[in-house]
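# Secondary and tertiary structure notes
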Amino acid sequence: MLKAEDIWFRYSKERWILRGVSFAIDRGLHCIVGPNGCGKTTLIRIIIGGLRPQHGKIIAFGRRIKGIKDAVGLMVYVPSNPTMFLVGPRVRDDLYKASRDPNMSLSEIIDVLGLKDIMEKRIFELSEGQRHIVAVASAILYGTRIIVLDEPTIGLDRGYRSKIIEALRLVAKNRIIIVASNDLRFVKKCDTVMLLNDGKIVMHADPYDVLSSREFPFDDKLVRFINIMRKMGLPPKELSDDIVNLIRRALC
Amino acid sequence: MLDVRKLSETFIVRRKDTPIHNTHPLLKMFGATFLFVAIIIGNLQAIIVVFIIVMIESAIAKVLRNIAMFLWSIRIFLITMGILAFIFYTPLVATVILMRVITGGIIVACFILTTDNMDLAQALEGIKVPQKIIMATQFALRMIPLISKDATESAEALILRGEVSPRFIPQGITTMLALIIANAMERAQYLAEALEAKYFGIAKKRTYIRKLKITKYGVIQLIIKMMVVIMWASAFLP
């Protein structure tokens, strides 16, 4: 269980970035969404102990996270620039170093994420998207109980995005995965979504409830589609991705 | 030796509207040079006076917190150096050496924290420094907060990965520095390509949003700094 209790945070005296953020999450894939600059990355850095809030506390599996030292061995964090996480020098070396999870074999993750062709490449030879996918693979292989990811699907094509979602869903059964993302195609695959706006979590619910709520700040084709489906009495969650995409194309 | 995470956070600042920030960069540069001369030629009292001046300057510029973070980030280096100095020299000389390093560090940190890179470029252009040198200086300063941000992210990610010790033991520091340098080089390459694509540097004269002014405060602080050097230099004259 990961709990945040009444987190207040500001960088300078002028403005509070987070104003009384509280949530409690258990195993599963959880997403933090919100407009740019709303404090998603700040919240993530508070969770990992990188920033100390002015008020409030983070408790992960009964351990109070006061600083980054408290999170060592409990969490792994992939920043939005995955280059800062990958130690390489080759993809293979990075993944071997990371392999600590007895429940997840290296070959399994290589298969799920389709990393076979890039295993011998150097980290700095990889494209931005490939770096993201290798960083996610490394994070999964660490086997920590909490995985924290900042914008893991940024700049990824559909294929890579699906692979990342598939891999994260695979491990979300017995771990807490927190993702800060505005990628709505990713968001809809999560177990719960926290909508962060104006320094507060204005909604914490099922992705379809959040995406179709009035509070949701983005006007997106997918959001409009979900609303139409809702009005028609169809729960889009139960439809397969192919059908959803087919209808979306027809509608938009 | 270095707490890279804290050191990087030191230089992530927003521009503030204080008399120090609004001082002409050249006056600040000359002032810093005078203070450096004072701490090199001066005795312990001179260094303490310079230290007090710089601390007052930092307080006016509202960067005291950053200066404290800077000193905290290099504490292991300072402690090691202090121990060595006290072993090899007399207590007075050791104190002078330590104070010189601390005060010198604060002078540089204060200059970086309070100088906008565009202002510096404009000031250097005013004294006919070649464009290439101005651009190199400007982009080096511009890169500091970006690299600092990278370093912070990298430190956090690598500490949680178990590659870097959270207790600042040098273990893993090379991995982190390698990552930061490699990433900085990549950033520099992208920046160079972008600048080339924008025909940057083609025009002989650039336009700037803000016009630099020599403020009353800037002149006063330069005079104070000059006085410190003159007073201590004259103390040694026959």
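It should be noted that the structure appears before, not after, this text.
### Considerations on the overall build of chain A
For chain A, the count of helices and strands is ten helices and ten strands. Long-range pairs, those at least 24 residues apart, make up 64% of the contacts in chain A between residues at least 6 apart in sequence. Here chain A has roughly 11200 Å² of accessible surface; of this, 48% comes from carbon and sulfur atoms.

### Considering the pairing of strand β4 (residues 55–60) of chain A
Consecutive side chains along a regular strand alternate between the two faces of the sheet. All names here are of chain A. With five bridges joining them, strand β1 (residues 2–9) and β4 adopt antiparallel strand pairing. Across the sheet, residue tryptophan 8 finds its bridge partner in β4, namely histidine 55. In this structure, β4 lies alongside strand β5 (residues 63–64), joined through two bridges in antiparallel fashion. Residue pairing in the sheet places alanine 60 in a bridge with arginine 63 of β5. Here β4 hands over to β5 after two residues, with phenylalanine 61 in that stretch at a positive phi of 50 degrees.

### A few points about empty space enclosed by the protein
Residues and elements named next belong to chain B. Overall, the coordinates contain three cavities of 30 Å³ or more when judged by the stated rule. Residue lining of the second largest cavity: Ile20, Lys28, Ala32, Leu35, Val54, Glu57, Ile106, Ile107, Cys110, Phe111, Thr114 and Lys225, and that is the complete set. Contributing elements (two or more residues each) for the lining of the second largest cavity: α2 (25–41), α3 (44–60) and α6 (91–114). With five residues, α6 is the largest single contributor of residues to the lining of the second largest cavity. Here the lining of the second largest cavity is composed, by residue class, of eight nonpolar, one polar and three charged.

### Observations regarding the pattern of salt bridges
On inspection of all chains with the given rule, the structure shows 13 salt bridges over all chains. Among the salt bridges present, the one from B:Glu186 reaches A:Arg131, with a minimum N-O distance of 2.8 Å. Remark: A:Arg131 occurs in helix α5 (residues 128–142) and B:Glu186 occurs in helix α9 (residues 173–197); the pair is interchain, linking two chains. Of the two residues examined, B:Glu186 and A:Arg131, each falls in the buried class. The residue A:Arg161 makes a salt bridge to A:Asp183 at a minimum N-O spacing of 2.8 Å. Taken as a pair, A:Arg161 in helix α6 (residues 158–171) and A:Asp183 in the loop between β8 (176–180) and α7 (184–187) lie far apart in primary sequence, 22 residues in all. In this structure A:Asp183 comes out as buried when scored by relative accessible area, which is 14%.

### So, the interface of chain B and chain A
Taken together, the contacts link 22 residues of chain B with 29 residues of chain A. Across the chain B to chain A interface the summed buried area is about 2200 Å²; carbon plus sulfur atoms make up 56%. Among the residues chain B hides against chain A, the three largest losses belong to B:Glu153, B:Leu160 and B:Arg161. Together they make up 36% of the total. Run the count over chain B and chain A and you get three salt bridges. Measuring nitrogen to oxygen at the nearest pair gives 2.7 Å for the salt bridge that ties A:Arg45 to B:Glu156. Inspection of the region where chain B meets chain A yields six residue pairs in polar contact (both at pLDDT 80 or more).

Here is what the cut-offs are and how they apply
Residues numbered from 1 in each chain as written. Chains lettered and ligands numbered in written order. Predicted model: local features only at pLDDT ≥ 70, side-chain atom pairs only at ≥ 80, totals over all residues. Heavy atoms only, no water. Helix = DSSP H or I, 4+ residues; strand = E, 2+ residues; numbered from the N terminus. Contact = heavy atoms within 4.5 Å. Areas by Shrake-Rupley, 256 points an atom, 1.4 Å probe, with all protein chains shown as cover. Pairing = 2+ DSSP bridges. 1 Å grid on protein atoms, 1.4 Å probe; cavity = no way out; pocket = protein on both sides within 12 Å on 5 of 7 lines; lining within 4 Å. Points joined across faces, edges and corners; volume = space filled by probe spheres on them. Nonpolar A, V, L, I, M, F, W, Y, C, P; charged D, E, K, R; others polar. Salt bridge = Lys/Arg side-chain N within 4 Å of Asp/Glu carboxyl O. Buried < 20%, exposed > 50% of the residue type's maximum accessible area, 1.4 Å probe, protein only. Buried area = accessible area lost by both parts, 1.4 Å probe. Polar contact = N/O pair within 3.5 Å; in protein donor to acceptor, adjacent residues only side chain to side chain.

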